[in-house]
Structure formats: structure tokens, C-alpha cells
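# Examining the three-dimensional arrangement
Residue-level listing of the chains:
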Amino acid sequence: MRAYEIIHAKRDGRVLPADAIAALVDGFTHGEVPDYQMAAFCMAVFFRGMDDAEVRALTEAMLRSGDVLDLSDVPGAKVDKHSTGGVGDKVSLALAPLAAACGVKVPMISGRGLGHTGGTLDKLEAIPGFRVDLPVERFRAQVRDVGACLIGQTARLAPADRKLYALRDVTATVESIPLIAASIMSKKLAEGIDALVLDVKVGSGAFMKRPEDARALARTLAAIGRGMGKRVTALLTGMDQPLGRAVGNALEVAEVLELLRGGGPADLRAITVELTAEMLLAGGVAPELAAARAAVEQAIGDGRGLAKLEEIVAAQGGDPAAIRDPSRLPRAAGTYPVPSPAAGFVQAVDTEAVGLAAVALGAGRARVDDPVDPAVGILVERKLGDRVERGEPLCVVHHGPRSEPRERIAARLAGAYRIGPAAPPAAPLFLERLT
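Residues numbered from 1 in each chain as written. Predicted model: local features only at pLDDT ≥ 70, side-chain atom pairs only at ≥ 80, totals over all residues. Heavy atoms only, no water.

With an unreviewed UniProt entry as reference, the chain is termed thymidine phosphorylase, source organism Anaeromyxobacter dehalogenans. On record in UniProt, under Subunit (unreviewed entry), the comment for the chain is "Homodimer." Of the chain, the UniProt comment under Catalytic activity (unreviewed entry) reads exactly: "thymidine + phosphate = 2-deoxy-alpha-D-ribose 1-phosphate + thymine". (UniProt positions renumbered as here; feature names shortened; annotations may be inferred.)

Moving on to the overall build of the chain. The helix and strand inventory of the chain stands at 17 helices and 13 strands. C-alpha extents for the chain along the principal axes are approximately 60 × 50 × 40 Å. For the chain, the centre of its 52 positive side-chain charges and the centre of its 54 negative side-chain charges are spaced 1 Å apart. (Helix = DSSP H or I, 4+ residues; strand = E, 2+ residues; numbered from the N terminus. Lys, Arg positive; Asp, Glu negative; His and termini not counted. Charge placed at Lys NZ, Arg CZ, Asp CG, Glu CD.)

A few words now on the packing of helix α2 (residues 18–29) against helix α4 (residues 52–63). The contact between α2 and α4 brings their axes to 9 Å, and the two run at 35°. With respect to the hand of their crossing, α2 and α4 are arranged in right-handed fashion. Of the residues in α4, those touching α2 at Ala18, Ile21, Ala22 and Val25 are Glu54, Ala57, Leu58, Ala61 and Met62. Per-class residue counts for the contact of α2 with α4 are eight nonpolar, no polar and one charged. (Axes fitted to C-alpha atoms, helices over the stretch in contact; angles between N-to-C directions. Left-handed = near helix turned anticlockwise from the far one by under 90°. Contact = heavy atoms within 4.5 Å. Nonpolar A, V, L, I, M, F, W, Y, C, P; charged D, E, K, R; others polar.)

Moving on to the pairing of strand β5 (residues 231–238). For β5, a buried count of seven out of eight residues is recorded, marking the element as mostly surrounded by other parts of the structure. Pairing geometry for strand β4 (residues 195–202) and β5, over eight bridges, is parallel. Looking at the pairing, Asp199 lines up with Leu235 of β5. As for the winding sense of the linkage, the β-α-β connection from β4 through helix α10 (residues 211–227) to β5 is right-handed. The pairing of β5 with strand β13 (residues 430–434) spans four bridges and is classified as antiparallel. What sits directly across from Thr237, in β13, is Phe430. (Buried < 20%, exposed > 50% of the residue type's maximum accessible area, 1.4 Å probe, protein only. Pairing = 2+ DSSP bridges. Right-handed = clockwise from strand over helix to strand, strands pointing away.)

On to the sheet that holds β4, then. Taken in spatial order, the four strands line up as β1-β4-β5-β13 in an open sheet, and their pairing is mixed. Each edge of the open sheet is held by one strand with a lone partner, namely β1 (79–83) and β13. Averaged over all neighbouring strand pairs, the angle between strand axes comes to 15°, with direction disregarded. Here helix α12 (residues 266–282) sits on the sheet and contacts β1, β4, β5 and β13; the angle it forms with β4, its principal contact strand, is near 155°.

Attention now goes to the sheet that holds strand β7 (residues 334–339). The antiparallel open sheet is built from four strands, whose spatial order is β6-β9-β11-β7. Two strands close off the open sheet at either side, each with one partner strand: β6 (246–247) and β7. Running at roughly 140° to strand β9 (residues 377–380), helix α16 (residues 351–361) makes contact with β6, β9 and β11 (393–399) of the sheet.

Before going further, it helps to spend a moment on unusual backbone geometry. Even without being a glycine, Ala158 presents a positive backbone phi close to 45°. Within the secondary structure layout, Ala158 lies in the loop between β3 (148–152) and α8 (159–169). Even without glycine at this site, Ala172 takes up a positive phi of about 60°. Among the secondary structure elements, Ala172 is positioned in the loop between α8 and α9 (177–189).

What follows is about helix α17 (residues 406–416). Residues Ile409, Ala410, Leu413 and Ala416 constitute the buried set of α17. End-on, the buried residues of α17 take up no more than an arc of 125°, which puts them together on one face. More than 90 degrees from the buried face of α17, the exposed residues found are Glu407 and Gly415. (Arc of directions from axis to C-beta.)

Taken together, the side chains of Met43, Phe46 and Phe47 define a hydrophobic patch exposed on the protein surface, amounting to about 290 Å² of accessible area. Tracing the chain through its elements places Met43 in helix α3 (residues 35–48). (Patch = residues over 30% accessible without salt bridge, like charges linked within 9 Å, V, L, I, M, F, W, Y side chains within 5 Å. Areas by Shrake-Rupley, 256 points an atom, 1.4 Å probe, with all protein chains shown as cover. Salt bridge = Lys/Arg side-chain N within 4 Å of Asp/Glu carboxyl O.)

So, about the packing of aromatic side chains. Within this structure, the stated rule accounts for one aromatic pair. An angle of 80° between the planes, with centres 5.2 Å apart, marks the rings of Phe46 and Phe47 as edge-to-face. Taking the relative accessible area as the measure of exposure, Phe46 reaches 31% and is therefore partly exposed. Looking at Phe47, the relative accessible area reads 64%, which means it is exposed. Directly above the aromatic system of Phe28 lies the positively charged group of Lys163, at a separation of 4.5 Å from the ring centroid. Geometry around Phe345 places Arg387 over its ring, the cationic atom sitting 5.3 Å from the centre. (Phe/Tyr/Trp six-rings, centres within 6.5 Å; stacked < 30°, edge-to-face > 60°. Lys NZ or Arg CZ within 6 Å of the ring centre and 35° of its normal.)

Under the counting rule described, the total for this entry stands at 36 salt bridges. Between Glu255 and Lys90 there is a salt bridge; the shortest N-O distance is 2.6 Å. Of the two residues, Glu255 sits in helix α11 (residues 249–260) while Lys90 sits in the loop between β1 and α5 (91–101), which places them 165 residues apart along the sequence. As a salt-bridge pair, Arg408 and Glu404 come within 3.9 Å of each other at their nearest N and O atoms. You can call Arg408 partly exposed: its relative accessible area is 47%. When its relative accessible area of 24% is taken as the criterion, Glu404 is described as partly exposed. Residues joined in a network through salt bridges with shared partners are Arg112, Asp122, Glu125 and Arg365.

Among the nonpolar cores identified, the biggest contains 81 residues, and Val106, Leu260, Leu280, Val354, Ile378 and Leu413 are the most heavily contacted of them. Here Val354 is in contact with Val87, Pro242, Val247, Val349, Ile378, Leu413 and Ala416, once residues within four sequence places are set aside. Core analysis: the next-biggest nonpolar cluster, separate from the first, contains 65 residues, Leu16, Cys42, Leu134 and Ala181 among them. (Core = buried A, V, L, I, M, F, W, Y, C linked by side-chain atoms within 4.5 Å.)

Following this line, the structure appears as C-alpha cells:
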């Protein structure tokens, strides 16, 4: 089937054979299928969906578009974690060194910002000198010798996903469950992992706004992983407000350093500890979750997690002094508060709107080739249930030379908050665990 016929068939809701999906992915990877046709295919999938066999075929085609690592010669269990994306979700930056400090090998291939959500690679690159483009041989050696390595897709690892990931970001097709599942699992299975822990976000700042959609995505991801012989655990976690206080790359790195020094926001610490504990359990270095949580807490308390992050940064060309002294991280040109228009309690936050405000500041991308300003972002001063007086700051904006005008950003952020006379019920951080 030609690309046109494949697009036409999916547009009309027909089930595609595996060889047609493989041919389309192969053509796109090698430049024979242009971006505009792949964008049309993504939109057809967005509206028409895919059945389980099609999703498996798409994942397999994207996985086989490049190398699949064999890390069997690296001693120890190889476990990774993936988040489906949220606002202020900087967990990977703390989780990888903590898991490595506790004895798990962490080969982590991450992505850049996608839509309104931040990307792990963009956050890492806020650390001066940090390289995410390491060759496969160096990736393998660092996992073996340091215990963790965090890179982006290379030309040899899941190249189809690297191209498709950027295309989805700018064609409003990010939320499609088949496209999300194939993207995540193709690059995760290319890492040579033994097990995978999934953080599937649900809420106003997630791609999955409803628990039933998040559950469906989690089950799809788990089924793909188990079908290829991997141990998979999924947690559904809340994203009805930014995670932690910092939204923006350097600001989020600084918040991770605060966490690894024993502080940090309670919600960020709880999510980080739980997901890292799941990795220890999946990797067989803890007998049950309570012991795993205790081990993670100890790695925070005795500084081993922070020391391991410094070791990872040094190994990947970054400035380890920035880990010891966060003032060496990029700083914004200036700041300004966003005052509350009324007195009362924060009843709801349109978290996606907060993420889009960060993109408008320059912390993310509206186009594939947009540069990212690592210094800009938002510090959230009021979260769900907090009391605020009229004129007190809801958040503080860190802006740069490419940021949208102050009045536009402030209006976006003020409009993202609903202030009312009573505090809302506490929003659950953990919704469900699927194994």
C-alpha cells in the first residue's frame, strides 16, 4: 500500500495490516514519506484510533526502525520509569540517581517538551554543559559504571519515534492513546530494560483528563511491555495542579536539588519516593514496597542520591558545581508576581493553562525548531486548598527576552485559577496501581 492508501484507509476507519504500518514507518524514517503525509496519518489515528494489533504493529515498527540495545552483560536489574507528562513533573531528575544509589541500573531514554508539558531532556540541558546526545557505547558504559544514564533518542535508537514525537507536538495529536503508547514503548523497549514503571498522569494538566482514559492508556502500555517479556507496573497519579512549585527547566532542576537535600514540596517528594520504590521492587533489590520506600528515604537522608546525581552530571559533561550551588543554574532576566483577583481559597487550577503559559514564556516549544530558554518559568505560590487574599501572589513569573508580554502571561495565569469561599476536598495524589 502507498502512503496515500494507508492514510485513506485509516481515515475511513479501516484496520491496517501490520506490513502496511511497517512500510509507512520505514518510509517516514528514511525520508520517503514526507512530514505532511505522516501528519495526516497521525490525525486519522487521532480520530479513528487503532486496535490492539495495530498498536503492537506500530510499536514494533518504531522499535525496529533502529537498534535495540542488549544490556545483558551489564550486571544488575535494568529498570526505567516513564511519565506520560505533566506540568512541573521533574521526578526523573531525582528518581534516576536515587534508584541508582539503591542498586538499580537505570538506562533512561527521555524526550523533550511535548505540548503543554515539560521534557526531561530540556530540564537536564538547563544544567550547564550537560549532554543528552551520548553515543550508544558511552550510554552502555555509563549505565554499567555509574548506574544511570539519561539521554535522548539517538540516530540509532528508535529514530522513527524521534521524528514522530516532534511532529505530534505541533499537529495537536499528542493525546492519541495509540500514538502515545507506541511512542513510549518503542523507545523504552529499545533501552534493553528488564522492567518498567509507568507514571500515568490524570487531570487538568495531563493528556488524559479522565481516569478511565488514563486507565486505558496504562493497560495498553502494560500489555505491550508484557507481550515483549518485560515486568510492568503502572501508577495513576493526579495532575490537577502543577507537581511541586516550579514550572520551567532551571527552576525545576533547583527544586530537584532541594528535594535531594531533604526538603522540597511534599507532593513532589511523595511521588518521587513511591515511583523509585516501585523501581526497587521491580528490580528485585527490595522485598516489598515498605522496605523499598525506606531505602529511598535513606538515600535522600544520607545524601547518596544527591552525590549520585553529581556523578551522573559529571559523567555527561555537565558542571557538577551547579549541583552543589544552584545559583550557577541559568537565571531569568526578571520576575513579577501574578496577584489574585479575589480573596478566598484556591478551588481549581487549569493546569494545562499554566503549562501553556510556561511555553509562552519560552520554557517550551510552539514549533519543532523553537529554542527553549532554560531560565524562564513559573513558581507556584498558591495550590489547591490554599487561602489567598486579594492582591497576594498566585504565582511568580520568571521571564526572558523572548517571553510574551507581561499582561498577556499574567492574564493567562490569573485565568487558570478559580478562587472561591471554601476549600475544596483534598485531591488524591495516587489514584490506582496496576500490575
